[in-house]
Amino acid sequence: MFGKLKGYRTDGNKVYFEYEGSKTSPVLEAITDNIVNVLVDYTGGGHRTRAVEGELGKRLNAGKNASEEELLTQVAQEKSGVILKTASLTVVVGDDFMVDFYDKENQPLSLAYRGTRNLGADLDKASKELLSKEGHGISDRAADYPVQELRALDAKDCIYGLGDKTGVLNKREYEYEMWNSDIPDPQEDNFKSLYKSIPFFLLLKEKTCCGFFFDNHYKTFFNLGKECPDYLVFGAMEGNLDYYFIGGRNMKEVVGNYTFLTGRAPMQQMWTLGYHQSRWGYRTEEEIREIARKLRDSDLPCDCIHFDIDYMDHYKVFTWNPDTYKDGRQVISDFKEMGIKAVTIIDPGVKLEKDYYVYEEGVKEGYFATTPEGEIYVNEVWPGDAVFPDFGDAKVRSWWAEKQKFLIDLGVAGVWNDMNEPASFRGPLPDDVVFTDEDQPAPHKAIHNIYGHNMAKATYEGWKEYSGKRPFVITRACYSGSQKYTTGWTGDNHSIWAHIRMAIPQLCNLGLSGLSFVGTDVGGFGSDSTPELFARWIQLGCFSPLFRNHCAVGCRMQEPWQFGEEVLSISRKYMNLRYELLPYIYDLMHECEQTGLPVMRPLVLEYPEDEQVRNRNDEFLLGDRMLVSPVVEQGAREKLVYLPEGVWYDYWTGETLEGGQSYIRKAPLDTCPIFVKAGAVIPKYPVRTHVGKEKDELLILETYPGEGIYTHYQDNGEDFEYRRGAYNEYRLINHNGRLDMEMLHEGYQGYGKIEIRNKSQK
Ligand code: MIG
């Protein structure tokens, strides 16, 4: 539809193209050496990015050159088209706005698709009606989206990322939509969307890797070789074609560059890495106190109990139920004595009730979304009729930020944001409900996918300002870039084997999508767990960045002691192991803040050239040196484990195993197979009931035979002092168990004692 390329002009790092068949001039802009933005400004509004923030985001949204540096080393017309070069990329732009990306060795990273579109045949209306009588949902034939981009696929290409989607790790051959959705049915592989919209994917070819971030927060579509094996297509019904092509020398660098653009998850408080206990349906203060007592009496480590909607007065946010939970103050301070923090749930829906302060304040200031006629828009959620804060307005965000004081003053330690798709009981919010998108009104359909993002941002800003600590926010809905503000959990899974299996690719893809600090509801949210399923899920939870056991009211109770002695002791074993591994996981979070690399990694991220790992759904790496291969099949007492190249040690037996092959490993109910790479150093703490009990007295360094370098990070685990230099960094060089230690940075009190433990070779 663009036709022949007529000409181009440059403006700094931007190149505008003119086509015979199109009034809009597409623009390419080098953002860094490795990131090129492609914009076809159909709306005339330019960029409206909410994912890229800070100075970069401001410049993009203002239509200015994103970078002041000269990034384009060459722009020249040649036979094949206009050639743009940066220090790392070559881009060729030709007729019909075909854009090809190459690395600096001229290896193709991603080429435009030049063939015809294969839309296939559509069903006629009568057949559709007949099928729908028995309840078959017939999805529309892949629409010819007005905003779309087609990229060529080679036979071996794999695709990863896209946030929290269900199904397998490699998204090639599948189709997805980005539309934040709360669907209570058990999530299946064929679900097109879940709660989060992260329109970023990695395209891994045999030798190269690149990424595409389609920054359009209307509903967007991704068909990844399903429509036709020769191409992938992403598109939208509205908005702009506004995407970032992201290069890098390998998969890790592409993830790094995506998170450079959209931001990296900041350090969390150390205690947030501990075990969290939760349930919807701790109906009274007495019930929740009993849980805390039981945790301690059962000798289980725990740092936090979550207060679900039960604690609120008629589900009114920023209130406590005076009958069942009093005012919260006493229970929170008693928990504190026990080393247990309280995290409370906060939904966006504000109860429509005269004289309820949150409602009255919002009405007075005009903080709620309205109908196109200007009346406050009402739908139903837990409190009954409810209204929706307009988080896209900075004033509303400051108000919401200030509301957090209510919780902070009571001693609450963090906030869990739920229902922020936003979910609603009386049908979905209509497309035209009026919200704000920063500087202008915007219909619901334009802001839906960033509603959770904006709510999390408001919450984060409130906690940052008023608590003085690193804010701990957990969200259900979010968008690209939300990792700057919040951690996440994967929503309402079920206590079924299919869902413990799903957890691994889902968490791995979230990590590749920038949201590193994530977890599933351990044990499963809906349905009833079995002792065996729970034991296996605790093992997986032990290695998930966020380790929270949570389940739904009405389902089988799911605390570790509900399944008999054997499962209780298995739970204790893995919860204790989690506490031993805290400094290792903390180091990974520090690495994540620096580089954007996730804590929990699919094997393909570390070994992208190994074809054996490109479709590996049932194991993962914690960092780059610990491989976890959980059992996710009922009845299995063995596990087929694949180890990538190199030498590995069985964590439990010490046995040496040569990589590049598979092994059948014993996995009785109390064993989750774990392997550590030769030369590794794993920092550990002694087992403790909660973080902060014994303040960093002893550090254990577990060394594995071989050569390796490891950097260990230490700070106060609480606030932002580390950004002013209050941290230590130790460089540890492992020569077969002999450790050389060097201080790379010294800005915090050190350990009382450092103990080296050589794991010997068997
Ligand atoms: O639809 O607050 O995903 O974790 O326990 C129910 C009650 C609303 C959904 C969340 C779940 C939470 C539940 N909430």
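These lines cover the structure that appears in this document, whether it is placed above or below. Source: prediction; values computed, not measured. (Residues numbered from 1 in each chain as written. Predicted model: local features only at pLDDT ≥ 70, side-chain atom pairs only at ≥ 80, totals over all residues. Heavy atoms only, no water.)

## A look at the overall build of the chain
What counts here: Strands are runs of DSSP state E lasting at least two residues, helices are runs of H or I lasting at least four, and both sets are numbered from the N terminus onward. Every radius of gyration here is taken over C-alpha atoms, with the globule rule written as 2.2 Å times N^0.38, N being the number of residues. Only protein chains enter the calculation, and the probe is 1.4 Å; a residue is then buried if its accessible area is under 20% of its type maximum, exposed if over 50%, and partly exposed in between. For this analysis, residues touch if any pair of their heavy atoms sits within 4.5 Å. In these tables, accessible area is a Shrake-Rupley quantity obtained with a 1.4 Å probe, and a residue counts as shielded only by the protein chains included in the view. Note on charges: Lys and Arg go in the positive column, Asp and Glu in the negative column, and His and the chain ends are not counted at all. A charged residue contributes its charge at one atom only: NZ of Lys, CZ of Arg, CG of Asp or CD of Glu.
A count of helical and extended segments in the chain gives 14 helices and 47 strands. For 762 residues, the compact-globule formula gives about 27 Å, and the C-alpha radius of gyration of the chain, at 26 Å, lands near that figure. On the principal axes, the C-alpha backbone points of the chain span a range of 75 × 70 × 60 Å. Here the chain, with 762 residues, has 63% of them falling under the buried criterion. Pairs at least 24 apart in sequence give 68% of the contacts found in the chain among residues at least 6 apart. Accessible surface computed for the chain: about 27900 Å², of which carbon and sulfur atoms make up 48%. A distance of 2 Å separates the average location of the 87 positive side-chain charges in the chain from that of its 117 negative side-chain charges.

## Overview of the sheet that holds strand β44 (residues 707-715)
Put simply, the rule reads: Here, any two strands with at least 2 DSSP bridges between them count as paired. Every axis corresponds to a line fitted to the C-alpha atoms, with the helix fit spanning only the stretch in contact, and the corresponding angles, defined between N-to-C directions, vary from 0 to 180 degrees.
Sheet architecture is open: three strands sit in the order β44-β45-β46, paired in antiparallel fashion. The outermost strands of the open sheet, each flanked by one partner alone, are β44 and β46 (738-746). When strand polarity is set aside, the average angle formed by the axes of neighbouring strands in this sheet is 20 degrees. Relative to strand β45 (residues 727-735), β44 is paired through nine bridges, and the arrangement is antiparallel. Across the sheet, the residue bridging to Tyr710 is Leu732, located in β45. Seen against the sheet, helix α13 (residues 582-595) touches β44 and β45 and runs at an angle of roughly 85 degrees to β44.

## Details of the sheet that holds strand β34 (residues 600-601)
Ordered by their spatial adjacency, six strands build an open sheet running β34-β35-β36-β41-β38-β39, and the pairing between neighbours is antiparallel. The sheet is open, and its two borders are formed by β34 and β39 (656-658), each paired with just one other strand. Sheet analysis places strand β36 (residues 626-628) next to strand β41 (residues 674-677), joined by three bridges and oriented antiparallel. Paired with Leu627 across the two strands is Phe675, which belongs to β41.

## Section: the state of the cysteines
Applied cut-off: In what follows, a disulfide is any cysteine sulfur pair within 2.5 Å.
Taken as a whole and assessed by the stated rule, the structure comprises zero disulfides. Cys158 takes part in no disulfide bond, and the closest cysteine sulfur, belonging to Cys209, lies 10 Å away. By relative accessible area, which is 5% here, Cys158 ends up buried. A disulfide-free cysteine, Cys209 has its sulfur positioned 6.3 Å from the sulfur of Cys210, the nearest such atom.

## Observations regarding the nonpolar core
Here is the rule: Buried residues of nine kinds, namely Ala, Val, Leu, Ile, Met, Phe, Trp, Tyr and Cys, make up a nonpolar core once their side-chain atoms join them within 4.5 Å.
Within the largest apolar cluster, 181 residues are counted, with the highest numbers of intra-cluster contacts made by Phe213, Trp400 and Phe543. Top element by residues in this core is helix α9 (residues 444-467). It accounts for nine residues. Listed in part, the 40 residues of the second largest apolar core include Val40, Leu153, Leu203 and Leu224.

## Section: a nonpolar patch on the surface
Quick note on the threshold: What makes a patch is a set of residues exposed beyond 30% relative accessible area and free of salt bridges, joined within 9 Å when like-charged and within 5 Å when nonpolar (Val, Leu, Ile, Met, Phe, Trp, Tyr). Whenever a carboxyl oxygen of Asp or Glu lies within 4 Å of a side-chain nitrogen of Lys or Arg, that contact is scored as a salt bridge.
Side chains of Tyr315, Trp382 and Phe425 sit close together on the surface and give an oily, nonpolar patch of about 270 Å² of accessible area. Looking at the secondary structure, you find Tyr315 in the loop between β20 (304-307) and α5 (329-337).

## Examining the site of the ligand
Worth spelling out the cut-off: The nearness test applies per residue and asks whether one of its heavy atoms lies within 4 Å of the molecule or strand. The term polar contact refers here to a pair of N or O atoms within 3.5 Å; inside protein, the definition further demands a hydrogen-donor-capable atom paired with an acceptor-capable atom, and it admits residues adjacent in sequence only when both atoms are side-chain atoms. In this count, Pro and Cys sit with the nonpolar residues alongside Ala, Val, Leu, Ile, Met, Phe, Trp and Tyr, while Asp, Glu, Lys and Arg are called charged and the others, Gly among them, polar.
The ligand sits among 13 residues. The nearest are Asp308, Asp418, Arg476, Asp492 and His550. At 2.5 Å from an oxygen atom of the ligand is found a side-chain nitrogen or oxygen belonging to Asp308. Separating an oxygen atom of the ligand from a side-chain N or O atom of Arg476 is a distance of 2.9 Å. Alone, the ligand offers 350 Å² of accessible surface; in the complex the protein occludes 95% of this. Among the residues making up the shell around the ligand, the classes are represented as eight nonpolar, one polar and four charged.

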